[in-house]
There are 2 protein chains.
Amino acid sequence: MTRQIRLVQMGVGTVGRAVIRLVMANRERWRQQCGLEIQYVVLLDTQGGVIDRNGLSDDEMRVALTAKEAGQSVAEAPLGEQTNAANALQPLSDLHDVVVIDCASGDGTAAAHLLALRQGWSCVLSNKAPLALDQQRHYQLHEAGGARLWYEATVGAGLPIISTLRSLLTAGDAVHEITACASGTLGYITSAMMTGTPYSAAVRQAHQLGYTEPDPRDDLSGLDVARKALILARTFGRRIDLGDISVEPLMPTLDSSLGVEEFLANLATADAAFAARVSHAQRAEATLKYIATIPAEGAVTVQLREVPTASQAGSLSGPENIFVFRTREYADNPLTIIGPGAGPAVTAMGVVGDVLQAAAQ
Amino acid sequence: MTRQIRLVQMGVGTVGRAVIRLVMANRERWRQQCGLEIQYVVLLDTQGGVIDRNGLSDDEMRVALTAKEAGQSVAEAPLGEQTNAANALQPLSDLHDVVVIDCASGDGTAAAHLLALRQGWSCVLSNKAPLALDQQRHYQLHEAGGARLWYEATVGAGLPIISTLRSLLTAGDAVHEITACASGTLGYITSAMMTGTPYSAAVRQAHQLGYTEPDPRDDLSGLDVARKALILARTFGRRIDLGDISVEPLMPTLDSSLGVEEFLANLATADAAFAARVSHAQRAEATLKYIATIPAEGAVTVQLREVPTASQAGSLSGPENIFVFRTREYADNPLTIIGPGAGPAVTAMGVVGDVLQAAAQ
């Protein structure tokens, strides 16, 4: 007894391609072990897509992947066409068991999620932006089918963060506070600073290693962490918007019109201030970490904080994430999850885990 | 649209009673939020049970709980009858959507699991013993319905250990090695030893605090940890029996016919040897932990080991558990879960989480 699942994927960047490879490598096993026949029907990027409601063949998928890897859009691949999500999804409206995967970036895909959920389809996101829109959009999504909205990979990549939080809540537990180092990039930078690397050099290293976004301000602004904090807070029922979160950027205030190279060149102006904070932490047998604090009530904050070197968070190395759940049942000793919270392969595992859960619903 | 789930529970000890209370406190919410109508039909202990295929009322449940808390058997409660699992389950064989919960101890419930799975029912265990039987029994269970066999609470209580391992495997990852401090009791004892408490005094403290089983040898023998190691190993596909695991008991070899008090009185004979190991660890800036090591291939071991004080495992406090998953995708930085891995309330959360997953299948 097999069940046919059709995949629509928006976003074919590094994470999106890792998802496709993982699906193609495992689908035969899922067919045998879980009775799931998984098939792509749409692959979209911002320019267009390849679409076949009867299922894209492995060859067609590979051709589209090759085009993306060569820097082309999916629309430029053989069989590709210029289109957008609305036009691509509309002709599929009679299909059941469709899972829409969003590995894009930016909130341009939000309308497609609403459409998908209202049709009874499931949505699986690694893209945080559509989940960080205002509360009205948030409740629209949830009314359209919150139980079919999956987003493990938006927080902690492949680490079981959202699933753990949801399990606790479903079993009747109540969150007191979640604290997290939820950015591998900022973890790398703060770790480097604590071992003596000046702030500006640490940022430049992270940029050169590809740990930051192409424009490192996207990480240093704290927006990425704030979005994760928002997603966690909303998951346990807080009514909150991105603007309600108090965010301390991990960078000096500079002219926002600067290009990336100019921005990097100006960072040394902040070195002395960060060095002073490093010294202060060291004197207190503490270490600096960029920490999101999400209490059950009161201010949600994202800021550079001192944590004891001997604590679990203090012993994190480099790009690792940590999520600490203090709840009614885990009040004295919290439930803590540690591991790499970024990277295409583990993010793809988070996405695929959700796809399989959605398929089993 | 509601779905009716019937619960059969074997074992009404501290964990069993916590499960019942959690179910009774949350079932109205599950009805509203998940469309699940959850009702007990059988409550069994080793003497007998209360049984009503049309559902036990809340009052009937409370009466049975009260009897157990007063030290009586369920059979002695009003409406209770002397029976065994086979006789209690047989008249239910025409029912669907039955979940058999095993919060008993010992492997006497194994036959009931096989019966239940073969009828298409689900089984949820906090009881490790039936899963630690020989491989033939293991494969019998899995052939009868491995996908309907849930056992999150057998390892790490409410911590998401089994679910995380299963998710990694389903998404296509491969385990390299799992290491774990999987006994809160032995964690408490080793932590106390590292802060200067003699071994015998640490054991006595743990016994007085109720952290050990009534007979502390059940913990100190390492059998409890070995069973957890076996369950983890089998979950990721190793063909292994309990006897294949190399176990170092955390106690001296004493006449096994000693009573508990005599046993405790004789423990001081081991103090000097353990003190020497504590000193050795301290000189190496390490700490002693009782660690299960489960590699993809080769010997599975359960033993007292030195780990660096500065490591995640080294910074564990008292009764906390740690589980470290090194896999193909988490090779450089492992996926680590830390938290209290024992206690009736969190164990009940693990059981109930599984019941809800089983119900959603």
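Residues numbered from 1 in each chain as written. Chains lettered and ligands numbered in written order. Predicted model: local features only at pLDDT ≥ 70, side-chain atom pairs only at ≥ 80, totals over all residues. Heavy atoms only, no water.

So, the overall build of chain A
Right, so step 1: Helix and strand counts for chain A stand at 13 helices and 13 strands.
Right, so step 2: Expected size for 361 residues packed as a compact globule is a radius of gyration near 21 Å; at 21 Å, chain A falls within 12% of this value.
Right, so step 3: Taken over the C-alpha atoms alone, chain A extends approximately 65 × 50 × 40 Å along its principal axes.
Right, so step 4: Of all 361 residues assigned to chain A, the portion counted as buried reaches 57%.
Right, so step 5: By sequence separation, contacts in chain A at least 24 residues apart represent 68% of the contacts at least 6 residues apart.
Right, so step 6: Within chain A, one finds 28 positive and 38 negative side-chain charges whose respective centroids are separated by 4 Å. (Helix = DSSP H or I, 4+ residues; strand = E, 2+ residues; numbered from the N terminus. Rg over C-alpha atoms; globule rule 2.2 N^0.38 Å. Buried < 20%, exposed > 50% of the residue type's maximum accessible area, 1.4 Å probe, protein only. Contact = heavy atoms within 4.5 Å. Lys, Arg positive; Asp, Glu negative; His and termini not counted. Charge placed at Lys NZ, Arg CZ, Asp CG, Glu CD.)

Regarding the side chain of T83 of chain B
Right, so step 1: With respect to the helices, strands and loops of the structure, T83 of chain B is situated in the loop between β4 (81–82) and α3 (85–89).
Right, so step 2: The contact partners of T83 of chain B, leaving out residues within four places of it in the chain, are L44, Q47, G48, G49, I51 and A88 of chain B.

As for the pattern of salt bridges
Residues and elements named next belong to chain A.
Right, so step 1: This structure, assessed with the given rule, holds 31 salt bridges over all chains.
Right, so step 2: Between D215 and R217 there is a salt bridge; the shortest N-O distance is 3.0 Å.
Right, so step 3: Classification of R217 by relative accessible area gives buried; the value is 12%.
Right, so step 4: The shortest N-O distance in the salt bridge between K228 and D224 comes to 3.2 Å. With K228 and D224 both in helix α10 (residues 223–235) and four residues apart, this pair spans about one turn of that helix.
Right, so step 5: We classify K228 as buried; its relative accessible area is 8%.
Right, so step 6: By relative accessible area, which is 18% here, D224 ends up buried.
Right, so step 7: Among the charged side chains, a salt-bridge network with shared partners connects R27, D58, D59 and R62. (Salt bridge = Lys/Arg side-chain N within 4 Å of Asp/Glu carboxyl O.)

Examining the relation of the copies chain B and chain A
Right, so step 1: When chain B is fitted onto chain A, the two copies agree to an RMSD of 0.0 Å after a turn of 180 degrees and an axial shift of 0.0 Å. Taken together, these values place the two copies in the relation of a two-fold axis. Considering only C-alpha atoms, the residue of chain B closest to the rotation axis is I337 of chain B, which sits at 2.3 Å.
Right, so step 2: Take the interface residues of chain B: 100% of them recur as interface residues in chain A, which is what a same-surface contact looks like. (Least-squares fit on C-alpha atoms with pLDDT ≥ 70 in both.)

Describing the environment of M251 of chain A
All names here are of chain A.
Right, so step 1: For M251, the location among the structural elements is in the loop between β9 (246–247) and α11 (260–266).
Right, so step 2: Each C-alpha atom, one on M251 and one on L186, is 11 Å from the other, the two residues being 65 residues apart in sequence.
Right, so step 3: With near-sequence residues (within four places) excluded, M251 lies in contact with Y199, R217, L220, S221, F263 and F274.

Describing the sheet that holds strand β6 (residues 122–125) of chain B
Residues and elements named next belong to chain B.
Right, so step 1: Read from one edge of the open sheet, seven strands run β4-β3-β2-β1-β5-β6-β7, paired in mixed fashion. Of all the strands in the sheet, just β4 and β7 (149–150) have a single pairing partner and so form its edges.
Right, so step 2: Looking at chain direction, strand β3 (residues 48–51) and β4 are connected through two bridges and run antiparallel. Across the sheet, residue G48 finds its bridge partner in β4, namely Q82.
Right, so step 3: Contacts from helix α1 (residues 14–34) reach β1 (3–10), β2 (36–44) and β5 (98–102) within the one sheet, and its direction differs from that of β2 by about 160 degrees. (Pairing = 2+ DSSP bridges. Axes fitted to C-alpha atoms, helices over the stretch in contact; angles between N-to-C directions.)

Brief notes about the domain arrangement of chain A
How big an interface is tends to be expressed through the accessible area that disappears when the partners come together.
Residues and elements named next belong to chain A.
Right, so step 1: Taken domain by domain, chain A comprises domain 1 (3–158 + 345–360) and domain 2 (170–340).
Right, so step 2: Here domain 1 and domain 2 have C-alpha centroids that lie 29 Å from each other.
Right, so step 3: With 14 residues of domain 1 in contact, the opposing surface of domain 2 contributes 15 residues.
Right, so step 4: Note on domain 1 versus domain 2: buried area summed over both sides is about 1300 Å², and carbon and sulfur give 60% of it.
Right, so step 5: When residues of domain 1 are sorted by the area they lose upon contact with domain 2, K128, Q135 and V155 head the list and together hold 40% of the total.
Right, so step 6: Summed over the shared surface of domain 1 and domain 2, the number is one salt bridge.
Right, so step 7: Across the domain 1-domain 2 interface, the total number found is five residue pairs in polar contact (both at pLDDT 80 or more).
Right, so step 8: Of all the elements, helix α5 (residues 135–145) adds the most residues to the side of domain 1 that touches domain 2, at three residues.
Right, so step 9: A class-by-class count of the residues in the side of domain 1 that touches domain 2 yields eight nonpolar, four polar and two charged. (Domains from an automatic or database assignment. Buried area = accessible area lost by both parts, 1.4 Å probe. Polar contact = N/O pair within 3.5 Å; in protein donor to acceptor, adjacent residues only side chain to side chain. Nonpolar A, V, L, I, M, F, W, Y, C, P; charged D, E, K, R; others polar.)

A few points about the nonpolar core
Looking at soluble globular proteins, one finds that nonpolar side chains tend to be buried together.
Right, so step 1: Judged by nonpolar contacts, the single largest core of 230 residues is most densely connected at V19, Y40 and I189 of chain A together with V19, Y40 and I189 of chain B.
Right, so step 2: Sequence-distant contacts of I189 of chain A, that is, excluding residues within four places in its chain, are made with A202, V203, A206, L220 and L250 of chain A.
Right, so step 3: By size, the runner-up hydrophobic cluster in this structure holds 16 residues, among which are C181 and V324 of chain A together with C181 and I322 of chain B. (Core = buried A, V, L, I, M, F, W, Y, C linked by side-chain atoms within 4.5 Å.)

Topic: helix α8 (residues 199–208) of chain A
Residue and element names in this part refer to chain A.
Right, so step 1: Buried within α8 we find Y199, S200, A202, V203 and A206. Taken around the axis of α8, the buried residues stretch over an arc of 160 degrees, which confines them to a single face.
Right, so step 2: Against α7 (184–194), α9 (217–220), α11 and α12 (271–283) lie the buried residues of α8.
Right, so step 3: Directly after α8, the chain includes G210, whose backbone phi takes a positive value near 80 degrees. (Arc of directions from axis to C-beta.)

A short note on the packing of aromatic side chains
Residue and element names in this part refer to chain A.
Right, so step 1: By the definition in use, this model includes four aromatic pairs over all chains.
Right, so step 2: Summarising the aromatic geometry, the rings of Y199 and F274 are spaced 4.2 Å apart at their centres and angled 25 degrees between planes, so their arrangement reads as stacked. One end of the pair, Y199, is in helix α8; the other, F274, is in helix α12, with 75 residues separating them in the sequence.
Right, so step 3: For Y199, a relative accessible area of 1% puts it in the buried group.
Right, so step 4: With a relative accessible area of 10%, F274 lands in the buried category.
Right, so step 5: Directly above the aromatic system of F263 lies the positively charged group of R217, at a separation of 4.6 Å from the ring centroid. (Phe/Tyr/Trp six-rings, centres within 6.5 Å; stacked < 30°, edge-to-face > 60°. Lys NZ or Arg CZ within 6 Å of the ring centre and 35° of its normal.)

Let's talk about the side chain of K68 of chain B
Residues and elements named next belong to chain B.
Right, so step 1: Within the secondary structure layout, K68 lies in helix α2 (residues 58–69).
Right, so step 2: Assessed through its relative accessible area of 18%, K68 is described here as buried.
Right, so step 3: Ignoring sequence-local partners within four residues, the contact set of K68 consists of V12, R17, D45, S73 and V74.

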